[in-house]
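# Topology and contacts: notes
Now for the letters of each chain:
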Amino acid sequence: MPDPARVSDPASPVRELSGAEELKPAVGLCLSGGGYRAMVFHIGVLWRLNEAGWLAKLDRVSSVSGGSITAGVLGMNWGKLAFGANGVASNFVDQVVTPLRNLAGKTIDQKSVIGGLFSSGSIADKVAKSYDDILFHGATLQDLPDKPRFVINATSVQTGALFRFSKPYMADYRVGQVLKPTVSLAVAVGASSAFPPVLSPATLKLPAGQMQNMPGTDLHEEPYTTELCLSDGGVYDNMGLETVWKSHKTVLVSDAGKKIDGEADPHRDWPRHVLRVLDLIDNQVRSLRKRQVIDAFISKERTGAYWSIRTDIKDYEVANSLPCPLERTRKLANTATRLAAMEDDLKERLINWGYAVCDAAMRAHVDPTLPPPAGFPYARGV
């Protein structure tokens, strides 16, 4: 990371890209990747945060991959949310839940792969077009609110660094920044969710001179500044943690990542063997980040909570937690990482599970004064 001493303007939006910062008394929410599984699980998380009055308290929402789909819809419609004096948005379901449930009923990965192979435009382009047609309808990064700050994260295949899309700027600390970008939300979310090997990479072309230099860069030159090659944000940081961790005191982490399964007889052919090894590396990185989060909570360096789609809700030891048998939630956690249509039953169970585990984590570690919920959003439970 660039040396903080080299960032000459303390008010510069790229100051937060430096390595060390004083923690702010602010609340950041991190939404992990995991295809539609993550997108739908995070709906339930946001639903419970809204009912608890915590959605309105957020200062930043950082997301990757499937979490970026959820974050993009929340950010685009933030100005339409009718927050009351209690901090609860009365129209949350209409503005956030309904459009995301609608997307979860449509398969876009298979269609995009076929379209990318047999027509003009890349697979990533087809995915972004589907997002725009179904969800974003031409909205850009400038349609996001000033607060909370939404940061949609992708990974630069060229530099190996995080590429951040946000309203005030988009940037790669090794290359430079574009101030007040007008990139479409669909393109940003498409890049963030371009999971390899099928949907990656996403290419974003910029006019010469649009990417401005900034202190600490070492690759501010073409083609780095004019043709961006991006992959899923989860390649770099599957929990979307980094852009919150450096500056926010209270961190809420919603992890819908799929744990790697055991494989008694791994494939020996090199393509499938390479994929297996890459999965092992990804699993290890995610595990290390999780330990970083938990250790910081234990040491009181940070406040907040971590919850996972693989959590046993009994571990939170809170009274009146919603009934979530482990054998059922583990089945939900094993939902495939796809952008493939889900049955209503699966959607509602995933939403219920996100809602329930977020509630337990918040009451156990963040706000013990919260009253328990009356029940699940959907009567079918998990």
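Structure's up top.
Residues numbered from 1 in each chain as written. Predicted model: local features only at pLDDT ≥ 70, side-chain atom pairs only at ≥ 80, totals over all residues. Heavy atoms only, no water.

## A short note on the pairing of strand β6 (residues 176–179)
- Pairing of strand β5 (residues 169–172) with β6, which is carried by four bridges, proceeds in the antiparallel orientation. Bridge pairing in β6 places Met 170 opposite Val 178.
- Taking the residues that link successive antiparallel strands as the turn, the β5-β6 hairpin has three residues. (Pairing = 2+ DSSP bridges. Helix = DSSP H or I, 4+ residues; strand = E, 2+ residues; numbered from the N terminus.)

## Brief notes about the pattern of salt bridges
- Here the structure, examined in full by the defined rule, presents 17 salt bridges.
- Salt-bridge contacts for Arg 380 lead to Glu 348; the nearest nitrogen and oxygen are separated by 2.5 Å. Of the two residues, Arg 380 is situated in the segment after α11 (344–365) and Glu 348 in helix α11; the sequence distance between them amounts to 32 residues.
- Given the relative accessible area of 37%, Arg 380 is considered partly exposed.
- Put simply, Arg 101, Asp 344, Asp 345, Lys 347, Glu 348, Arg 349 and Arg 380 are held in one network by salt bridges that share partners. (Salt bridge = Lys/Arg side-chain N within 4 Å of Asp/Glu carboxyl O. Buried < 20%, exposed > 50% of the residue type's maximum accessible area, 1.4 Å probe, protein only.)

## Notes on the packing of aromatic side chains
- Per the counting criterion, the structure on display carries five aromatic pairs.
- Measuring from ring centre to ring centre gives 5.2 Å for Trp 78 and Phe 83, while their planes differ by 45 degrees; the resulting arrangement is tilted.
- Taking relative accessible area as the criterion, Trp 78 reaches 11% and is therefore assigned buried.
- Here Trp 78 and Phe 150 contribute two aromatic rings whose centre-to-centre distance is 6.2 Å and whose plane-to-plane angle is 70 degrees, an arrangement assigned as edge-to-face. Highlighted residues: Trp 78 in the loop between α2 (66–76) and α3 (92–104) and Phe 150 in strand β3 (residues 149–156), separated in sequence by 72 residues. The pair Trp 78 / Phe 150 is uniform in exposure class, with both members buried. (Phe/Tyr/Trp six-rings, centres within 6.5 Å; stacked < 30°, edge-to-face > 60°.)

That is the geometry; function is a separate question.
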